[in-house]
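Listed below, chain by chain, are the residues.
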Amino acid sequence: MSKKSSLGRGLEALLARPVTEAGPVGPQVQSLKIERIVQAAYQPRQVFEPSSLAELAQSIREKGVLQPLLVRPRGESFEIVAGERRWRASQLAGLTELPVIIRDLADREALEIAIIENLQREDLGPLEEARAYQSLLEHGLNQEGVAQAVGKGRSTIANALRLLTLPDPALNALEGGEISAGHARAILAQPDKDRLWALEQIRSRGLNVREAEGLRREARPQPPVKVNPPRAYRQVELDLSRRTGTRVKITGEDKGRVELSYASREELDRILEILGYSAD
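Residues numbered from 1 in each chain as written. Predicted model: local features only at pLDDT ≥ 70, side-chain atom pairs only at ≥ 80, totals over all residues. Heavy atoms only, no water.

In the nomenclature of an unreviewed UniProt entry, the protein is known as Chromosome partitioning protein ParB of Deinococcus koreensis. The protein has a UniProt comment under Sequence similarities (unreviewed entry) that states "Belongs to the ParB family." (UniProt positions renumbered as here; feature names shortened; annotations may be inferred.)

If you want it as structure tokens, here you go:
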């Protein structure tokens, strides 16, 4: 079975792999001092609710850690791949040792496993999930590869990644829980210029997702564009300008006026002389 298909099936498939090619089938659980375990470098989940951690810590005090952490060697320490929430809660519970399974994992595989663990427990927020998929893309996978690695459809990956294109105020609102992923997708359905307007409508009017999806901004009336009609005597203007050496403008058709520009009394006298006028 390939590594990718194992990851796509979940953590159980990974943990069922042999420790070494010559070793026994199934995970080997070991005990590690808690100070030798370090925080995950690839942790998609950014928010750890204090109340939830406190509840888990109480459960650990009463029943212990029921599922071992998955770690990988990092020098003299061991970096968490899966189980950071249990590690945090165990520190609150005052534990000094934790059960672990040690695997020598590459960065991309560690990230894939961390994503899978959080997705299976529904721990990731929509932006955490999107950023996790983006990290896999940055590690060389395409969207199809990400979908296979985490066992989800390609359209699910694409829709999640699209959330990252929200304008910053909408990203902040989604991250802060002011709007849902459904609201965010409704905002993205708007033209770029109307997305902040849609966010404000959702906030100020308390719209649900269906109402947000129905938002349509009325087109603002545009002032009529003033177009200067072509002048009927343009060629005459040019001919007179060449003859008089000054700018000539003719307005009107059947009736109107002829304008000749001059910049000084001397220029006016010159123009009048060209036109055949002479003062007495």
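Draft legend 1. Structural view of the overall build of the protein. Summing up its helical and strand segments, the protein has 14 helices and seven strands in all. Here the protein, with 280 residues, has 37% of them falling under the buried criterion. Within the protein, contacts between residues separated by at least 24 positions form 62% of all contacts whose residues are at least 6 apart in sequence. Accessible surface computed for the protein: about 17,200 Å², of which carbon and sulfur atoms make up 49%. (Helix = DSSP H or I, 4+ residues; strand = E, 2+ residues; numbered from the N terminus. Buried < 20%, exposed > 50% of the residue type's maximum accessible area, 1.4 Å probe, protein only. Contact = heavy atoms within 4.5 Å. Areas by Shrake-Rupley, 256 points an atom, 1.4 Å probe, with all protein chains shown as cover.)

Draft legend 2. Highlighting the sheet that holds strand β4 (residues 77-82). The mixed open sheet is built from five strands, whose spatial order is β1-β5-β3-β4-β2. Pairing within the sheet leaves two strands with one partner each, and these edge strands are β1 (29-33) and β2 (37-38). One ladder, built from two bridges, connects β2 with β4; its direction is parallel. Each residue of the ladder has a partner; that of isoleucine 37, found in β4, is phenylalanine 78. Against the sheet, helix α4 (residues 84-93) engages β2, β3 (69-74), β4 and β5 (97-102), with an angle of about 120° to β4. (Pairing = 2+ DSSP bridges. Axes fitted to C-alpha atoms, helices over the stretch in contact; angles between N-to-C directions.)

Draft legend 3. The arrangement of the pattern of salt bridges in detail. For the structure shown, the criterion picks out 15 salt bridges. Where arginine 72 meets aspartate 107, a salt bridge forms, and the shortest distance between an N and an O atom there is 3.0 Å. In this pair, arginine 72 is assigned in strand β3 and aspartate 107 in helix α5 (residues 107-120), connecting sequence segments 35 residues apart. The buried category is assigned to arginine 72, whose relative accessible area is 1%. Measuring nitrogen to oxygen at the nearest pair gives 3.2 Å for the salt bridge that ties aspartate 192 to arginine 195. For aspartate 192, a relative accessible area of 62% translates into the label exposed. Connected via shared salt-bridge partners are Arg72, Arg74, Glu79 and Asp107. (Salt bridge = Lys/Arg side-chain N within 4 Å of Asp/Glu carboxyl O.)

Draft legend 4. Molecular detail of the pairing of strand β6 (residues 248-252). Note: β6 against strand β7 (residues 256-260), five bridges, orientation antiparallel. For isoleucine 250, the partnering residue across the bridge sits in β7 and is valine 258. Here β6 hands over to β7 after three residues, the two strands then running antiparallel side by side.

Draft legend 5. Representation of the nonpolar core in the model. Residues Ile37, Leu69, Val71, Trp87, Leu98 and Val100 are the most contacted members of the largest nonpolar core, which totals 20 residues. Residue assignment for this core shows that the elements contributing at least two residues are α3 (50-63), β3, β4, α4 and β5. Take this core: its biggest share by element is four residues, from α3. If sequence neighbours within four positions are ignored, valine 100 has contacts with Gln28, Val29, Gln30, Leu32, Ile37, Pro68, Leu69 and Val71. Leu171, Trp197, Ile202 and Leu215 belong to the second largest nonpolar core, which has 19 residues in total. (Core = buried A, V, L, I, M, F, W, Y, C linked by side-chain atoms within 4.5 Å.)

Draft legend 6. Region of the structure containing a nonpolar patch on the surface. A surface patch of nonpolar side chains, about 250 Å² in accessible area, is lined by Val258, Leu260 and Leu275. Relative to the assigned elements, valine 258 resides in strand β7. (Patch = residues over 30% accessible without salt bridge, like charges linked within 9 Å, V, L, I, M, F, W, Y side chains within 5 Å.)

Draft legend 7. Structural view of helix α7 (residues 143-150). Every buried residue of α7 is listed here: Gly145, Val146, Ala147, Ala149 and Val150. Near the N-terminus of α7, the side chain that reaches the backbone nitrogen of glutamate 144, with its oxygen 3.2 Å away, is that of asparagine 142. Following α7 by one or two positions, glycine 151 has its phi on the positive side, about 70°. (Polar contact = N/O pair within 3.5 Å; in protein donor to acceptor, adjacent residues only side chain to side chain.)

Draft legend 8. Here's a closer look at the pairing of β4. Across the six residues of β4, five count as buried, placing the element largely inside the fold. Summarising the sheet, β3 and β4 pair through five bridges and their orientation is antiparallel. Its bridge partner lying in β4, valine 71 is registered against isoleucine 80. Taken together, β3 and the strand that follows it, β4, pair antiparallel across an intervening segment of two residues, in which glycine 75 is found at a positive phi of about 65°.

Draft legend 9. Representation of the side chain of glutamate 267 within the structure. Within the fold, glutamate 267 resides in helix α14 (residues 265-274). Of note is the side chain of glutamate 267, whose polar atom sits 2.8 Å from the backbone nitrogen of alanine 263. Apart from residues lying up to four places away in sequence, glutamate 267 is in contact with Gly245, Thr246, Ser261 and Tyr262.

Draft legend 10. Focus on the side chain of glutamate 237. Among the secondary structure elements, glutamate 237 is positioned in helix α13 (residues 234-244). Polar side-chain contacts of glutamate 237 include one of 2.6 Å to the backbone nitrogen of isoleucine 250.

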